Amino acid sequence: MHDHELEQWRHDHVFAQDRRKPGESRTRIVITITAAMTLIEIVAGLRYGSMALLADGLHMASHAVALSITAFAYLYARRNAGNRRFSFGTGKVNALGGFTGAVLLAVFALFMAVESIGRLLHPVQIVFDQAIFVAVVGLAVNGISALILGATHDSDAHHDHNLKSAYLHVLADALTSITAIVALLAAKYLDLVWMDPLMGIVGSILVARWSIGLLSTTASVLLDRQASENLAQAIKNALEADEDTRVTDLHVWSIGPEIYSALISVVAHEPATPAEYKSRIPDALRLVHISIEIQECPSAERSERVSPIGRVQGGS
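Below, the structure is looked at part by part. (Residues numbered from 1 in each chain as written. Predicted model: local features only at pLDDT ≥ 70, side-chain atom pairs only at ≥ 80, totals over all residues. Heavy atoms only, no water.)

## Observations concerning the pairing of strand 3 (residues 287-296)
Part 1 of the argument: For strand 2 (residues 259-268) and strand 3, the ladder comprises 9 bridges, and the chain directions are parallel. The partner of Ala-268 across the bridge, within strand 3, is Glu-296.
Part 2 of the argument: For the segment spanning strand 2, helix 9 (residues 274-280) and strand 3, crossover handedness is right-handed. (Pairing = 2+ DSSP bridges. Helix = DSSP H or I, 4+ residues; strand = E, 2+ residues; numbered from the N terminus. Right-handed = clockwise from strand over helix to strand, strands pointing away.)

## Topic: the packing of aromatic side chains
Part 1 of the argument: Counting across every chain of the model gives 1 aromatic pair.
Part 2 of the argument: Plain terms: the ring middles of Phe-72 and Tyr-76 are 5.8 Å apart, the flat faces sit at 35° to each other, and that makes the pair tilted. Here Phe-72 pairs with Tyr-76, and both are found in helix 2 (residues 51-79), just 4 residues apart, close to one helical turn.
Part 3 of the argument: On the basis of relative accessibility, which here comes to 53%, the residue Phe-72 falls in the exposed class.
Part 4 of the argument: Exposure remark for Tyr-76: the relative accessible area of 32% places this residue in the partly exposed category. (Phe/Tyr/Trp six-rings, centres within 6.5 Å; stacked < 30°, edge-to-face > 60°. Buried < 20%, exposed > 50% of the residue type's maximum accessible area, 1.4 Å probe, protein only.)

## Comments concerning the environment of Glu-115
Part 1 of the argument: Among the structural elements, Glu-115 can be located in helix 3 (residues 91-121).
Part 2 of the argument: Looking at Glu-115, the relative accessible area reads 32%, which means it is partly exposed.
Part 3 of the argument: Each C-alpha atom, one on Glu-115 and one on Pro-197, is 8.1 Å from the other, the two residues being 82 residues apart in sequence.

## Here we look at the pairing of strand 2
Part 1 of the argument: The buried count for strand 2 comes to 8 of 10 residues, which makes it a mostly enclosed element.
Part 2 of the argument: Pairing of strand 1 (residues 246-256) with strand 2, which is carried by 9 bridges, proceeds in the antiparallel orientation. Its bridge partner being in strand 2, Ser-254 is matched across the sheet by Tyr-260.
Part 3 of the argument: The antiparallel hairpin formed by strand 1 and strand 2 contains 2 residues in its connecting segment, where Glu-258 sits at a positive phi of about 60°.

So this is what it looks like as structure tokens:
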């Protein structure tokens, strides 16, 4: 009977995911630079016999793939932002892209370690001057890429797991370039040939640590882990401002970079309206979808003969 009036209670679930993210264009630029340098380092590493340089090139190749996944995640999330098959929009595509990039980081860290151990046990002849030159060029390219990806400082970019994944891949490239240069210089001037594969092992360990950190962060988003205690407490304090209302159940989880959904149960002797409760929550807390369940607590004189009334109110 209310079909003609329902629009005022309906809302979309786009939550700004249809907008181009700050890191999207920068990622595409870095992909082009990285792919070109990848080819140079792999060819040079094979030709000049440097495991550190070859590991850097292979690692950069993995990053070119990971950065391509990052770019695809941005595009997919934006184009499907209004797709109703995604209950809370496409915000988690961002975290999924970051998670995939972290997995690739871990896989290639393992590959680097295995290959470096093999070269440590079975050394090969290295053409030092050419290998060092290519490694220095690679470091310069990685530095430029890091500056490009790190140039965005707004709050959304800070919490962009997809962008963080791309940035960590570039930093890992820079790290392997540095270790390659150190190893090649030590091998050339100090005759420490074993430093070349050893630096590959050290680099793989550091990259693995970065990947574990990113895996933990993105997995918590993908698994709907409860938001921080500070955020939950801020919501609770806002709703309990009238001293009658008490929050009995609170679920807050991320549905995109720094945006959250909340499922809240409250009880009060004289409950406020759903709109009133929602208006108490500050916009700064970034809750974009709220569902409130209201329970009416009976007065003392009626408590033995009247049961609480449960009312579930829609989200916003």
